[in-house]
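Residues per chain, in single letters:
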Amino acid sequence: MNELEAKIKIDNLTQLLNEHNYKYYVLSQPTLKDSEFDLLLKELEKLETEFPQFANTESPTQKVGGAITKQFQTVKHKYPMLSLGNTYSEDELREFDNRIRKSIGDNFDYVCELKFDGLAIGLTYQKGKLVRAVTRGNGVEGDDVTNNVKTIKSIPHQLKPGNYPDEFEIRGEVFMHKKTFEKLNDKLKNELEQKGFDEDEIREKLYKNPRNFASGTLKMMDSREVAKRPLDCFLYFIYCDIPVADNHFDSLKKAESWGFQISDHYKKCKTLEDVFSFITNYDSEREKLSYEIDGVVIKVNDYHQQQELGFTAKNPRWAISYKFKSQSASTLLEKVTFQVGRTGAITPVANLTPVQLAGTTVKRASLYNADEIERLDLHELDEVFVEKGGEIIPKITGVDISKRKPHAHQIRYATHCPECATELIRKEGEVVHYCPNEDGCPTQLKGKIEHFIGRKAMNIDSLGAETINGLFDKGVIKNYADLYTLKYEDLIGLEFTVGDEEENKKRSLQKKSVENILQGIEDSKQIPFERVLFALGIRMIGETVAQKLVQHFHTIEKLENATMEDLLTVHEIGEKIAEQLLKFFSDIKNKHLIEKLKNAGLQFEIVHDESIKRSNKLEGKSFLVSGVFTISRDELKKTIQLNGGRNVSSISKSLDYLIAGDKMGPEKLKKATDLTIKIISEEEFMKMID
Ligand code: IVH
C-alpha cells in the first residue's frame, strides 16, 4: 500500500469508526456488531503503526466512546439570531397590530405559535444532512453544540426524501419535558443528599426549572452525559437564501414533511380577535402540555410582507411575543411550621394541600420571616395563592379573603423553639428569629456537626446526616470534636433511621461503612486551615471570609487573640463579622473544642505550598470562578489570591474577569455578557500567571 492509499484508508476508517462510536455510546443504537467494530479498529491500529504520520488526534484508537469537547467552537451565525419584542397586555398587542396595518394595510394573516420556554438553536442542513447546531450565544455568534444536539431523538440527522434546498438553516427551541425534569432533578437531589451536601448547597445546585436543566445539559462537554438527560426540540423558522415557500405557514408544513418536529399547536389567524382567543386558550391549556411555554409568538405570515416590515436594531417588526403572567394556583394553608437551622435561625414554612402548579406538585412554600407572615395577614386554614416565577420554590402571593373561615385565628409567629422549647429572640433591626439555645438545642447541635463534615468543610463524606443523627441521639457524640475520639466499637452495629421520620426505616452500620467512616475522619486531618475555620461554623464566616482571615492571621492563635481593631484591618471584614468572631473565641466551650481538635491533629495554621505560584500579576483585578475545572474551585481561588487577585462571589459591573468552567450556569454567562465582562477559560487564566 502506498502512502496516498494509506492516508485515504486511515481517514475513512477514522470517520466510519467515530460514527459507530457515536451510535454506540451516545445514541445507544449500535448498527455494527462488536466483533465487526473490533476488526475495523484493529485494521486502523495496524495502519497507524505502519504510517504514523497519518494518525490523527481524532482517531478512535486514541479515545473511547462519545465526543468530549474541552471547549465549544464559536461559530458566526449566517443569519443573526434576533430576539422578539415582548408584550404583556392586550393594549400593547393592539399597538403592534396598528403599526403593522399602517405599514402594509389590512390584507394579511398572522400565524400564532406557542412560545416554548427553552433555548434557541440553529440547525444547518447540507444535502439533507445535519452538519451543524449552534446556540444563540450573543446573537452574532454562538457555540457549536452539534455533538450534543445529535443526541436529541426528534432532530433528524438525515432528512426524509423531499424537495429541500441544498443548504438551509432551521431554528427552534431545545427544551426538557416537565416530567423528565422532575425525575432527573429528584435523582440529582438524592445523589447530593447521599454525598452529604447540606440543604442550602442542594438548593443552589439543583436546576431551577426545565429551561435551566436543558440549557445546562446542552452546554455539557461530554455528549454521553447529554444523552442521559433526554432533551426535545420544536422547530419554528426556516432561513434560506431562496425561500422554501411563499409564507411561514407553508414553510412549517414543508419542514414537517421533511421529518422535522413542528408543534401541533399553531394556527393561521385573520383578525386580532382570533389572536386573542388563541392566547386565552393556551393560557389556560398550558398546564396540560408536557413542556413549559411562557407565551405566544405572533408572526406575519407572508414573506414579502415580512420583508416590507423589516427589522429594528434588535427585533423583527413582523413578529412579537405575548408573555403570559406568571402562573398561580390557590390552595389550602394547612399549617405553618417552623424549621431551625444550625445557627438557630428560624424559617417559617407554609404546609399546603398539594396543588398542581406549572406541571409540578406544590406542597410547601417558604414564608421567609415574621414580617412576611404579617404582610400576608395569614389566618388559619386560609385559601392562599401560590405563584411560581421560574423558581422551584413557590411563594405565597396573597390570600383569598372571600374564603376565610369564620372565627379563624391569625397565624402567630412561634414564640418558642419547636425543637427545644426555648423562647425565641429577634434582635433589634433583624428580620430573623433565633433560638438562642446554641448549646442545648439538638437540631442546632446536629446541624453544626453536619456542617462540619460537609464537602466544602472537612469533607467526611462517609458520614451523612442520618448517621450523625444516630450517633447524636445515642449520645455517642455531642459535638464535632467528639468525632475524633470515635472508635470502631462505638460505631459497629449503630442503628440509625433512614428516609422519612414517619417511615421509620432502620439501618445499622456494618464493618465496611465503619472502616470508611474512620478513614474519612482520619483523612480530614489533612484538610487545610481555611476549611477547618469554615467548618467550625462561626456565624457569618463563610468560605471566602475564612480564606481571608487565614491569609491574614496565618495561625489560629493569632486569630483567637485578635482584637476588634486587628480584625477590622482585614480587607472586607466589617464590624458585624468581627463581633461574631470575638464572641465565638471568647466562649470557653469553643476554646475547649478547638483544643480538642488541635490535639487530634487538625490543621490550624497555614501551610506554605511552594508548588503554588506566587506573584503580583493579578494585583487589583477581581475574579469570579464559576463551573467545573480540571483543578478544584478552591485551588483556583487560592491561586488567584496568591497572585494578588481578589475573589468575588457575584457578577457586577466592577468585576474584571469571569473564569468560566464546564457546567457554568447560563444565567451567569448571560449576565456577564450583558455587562461586557471579560470571560476567560481556565487555560487563559493560567497563561495570565505564567
Ligand atoms: S421565532 C425572528 N417562534 O423566543 C424570529 N421564537 O424572544 C425568531 N421562541 O429567540 C424567533 N418559541 O428562542 C420564535 N415559536 C417560536 C418561539 C420562539 C420560543 C424563543 C426563541 C427566540 C425567543 C424570542
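Here the structure is a predicted model, which means the values were calculated and not measured. Every chain is numbered on its own, with residues counted from 1 as its sequence reads. The predicted nature of this model means local features are confined to residues of pLDDT at least 70 and side-chain atom pairs, given and counted, to a pLDDT of 80 or more, with totals for whole chains, interfaces and linings taken over all residues. The basis for the side-chain values is all heavy atoms of the structure; hydrogens and waters are excluded.

Colleague: Before we move on, could you go through the overall build of the protein and cite the residues and values that matter?
Modeller: Looking only at helices and strands, the protein features 25 helices and 24 strands. Seen through its C-alpha atoms, the protein measures out along the principal axes to roughly 85 × 80 × 55 Å. The burial tally for the protein puts 47% of its 690 residues in the buried class. Values of accessible area rely on a 1.4 Å probe in the Shrake-Rupley scheme; residue burial ignores everything except the protein chains shown. Total accessible area computed for the protein in this model is approximately 36000 Å², and 49% of it derives from carbon and sulfur atoms. What counts as a helix is a DSSP run of H or I of at least four residues, what counts as a strand is a run of E of at least two, and both are numbered from the N terminus. Burial classification: accessible surface area is computed with a 1.4 Å probe over protein chains only, and a residue below 20% of its type maximum counts as buried, one above 50% as exposed, and the rest as partly exposed.

Colleague: Could you give me a rundown of the pattern of salt bridges, with the residues and numbers involved?
Modeller: Note on definitions: salt bridges are taken to be side-chain nitrogens of Lys or Arg within 4 Å of carboxyl oxygens of Asp or Glu. Considering all chains together, one arrives at 35 salt bridges under this definition. The salt bridge involving K446 is made with D473; its shortest N-O contact spans 3.3 Å. Pair noted here: K446 is in helix α13 (residues 442-453) and D473 is in helix α14 (residues 465-473), with a separation of 27 residues, a long-range link. Here the salt bridges do not stand alone but share partners, grouping E90, R94 and E273 into one network.

Colleague: With reference to specific residues and values, describe the pairing of strand β23 (residues 657-660).
Modeller: In this description, strands pair whenever DSSP reports at least two bridges between them. The pairing of strand β21 (residues 622-626) with β23 spans 4 bridges and is classified as parallel. For F623, the partnering residue across the bridge sits in β23 and is Y657. Note that β23 and strand β24 (residues 678-680) share 3 bridges and pair parallel. Bridging across to β24, Y657 finds its partner in K678. The definition of a right-handed crossover adopted here requires that, viewed with the strands pointing away, the path from the first strand over the helix to the second runs clockwise. With helix α24 (residues 666-674) bridging β23 and its parallel neighbour β24, the resulting β-α-β unit is right-handed.

Colleague: Account for the packing of aromatic side chains, naming residues and giving values.
Modeller: Classification of ring pairs uses Phe, Tyr and Trp, with its six-membered ring standing for Trp, and accepts pairs whose centres are within 6.5 Å; under 30 degrees between planes counts as stacked, over 60 as edge-to-face, and the remaining range as tilted. Tallied over the full model, the rule gives 28 aromatic pairs. With a centroid separation of 6.2 Å and an interplanar angle of 85 degrees, the aromatic rings of F168 and F260 are classed as edge-to-face. Residue F168 is found in strand β7 (residues 167-175), and its partner F260 is found in the loop between α9 (248-257) and β9 (266-269); the two are separated by 92 residues along the sequence. A relative accessible area of 2% places F168 in the buried class. Pairing F234 with Y291 gives two aromatic rings, centres 5.1 Å apart and planes at 70 degrees, and the pair type is edge-to-face. On the criterion of sequence distance, the pair formed by F234 in strand β8 (residues 232-239) and Y291 in the loop between α10 (272-285) and β10 (293-300) is long-range, its members being 57 residues apart. In this scheme, the term charge over a ring applies when either NZ of a lysine or CZ of an arginine sits within 6 Å of the ring centre and within 35 degrees of the ring normal. Sitting over the face of the ring of Y434, K427 holds its NZ or CZ atom 5.7 Å from the ring centroid. Residue placement shows R539 over the ring face of Y434; its charged tip is 4.3 Å from the ring centre.

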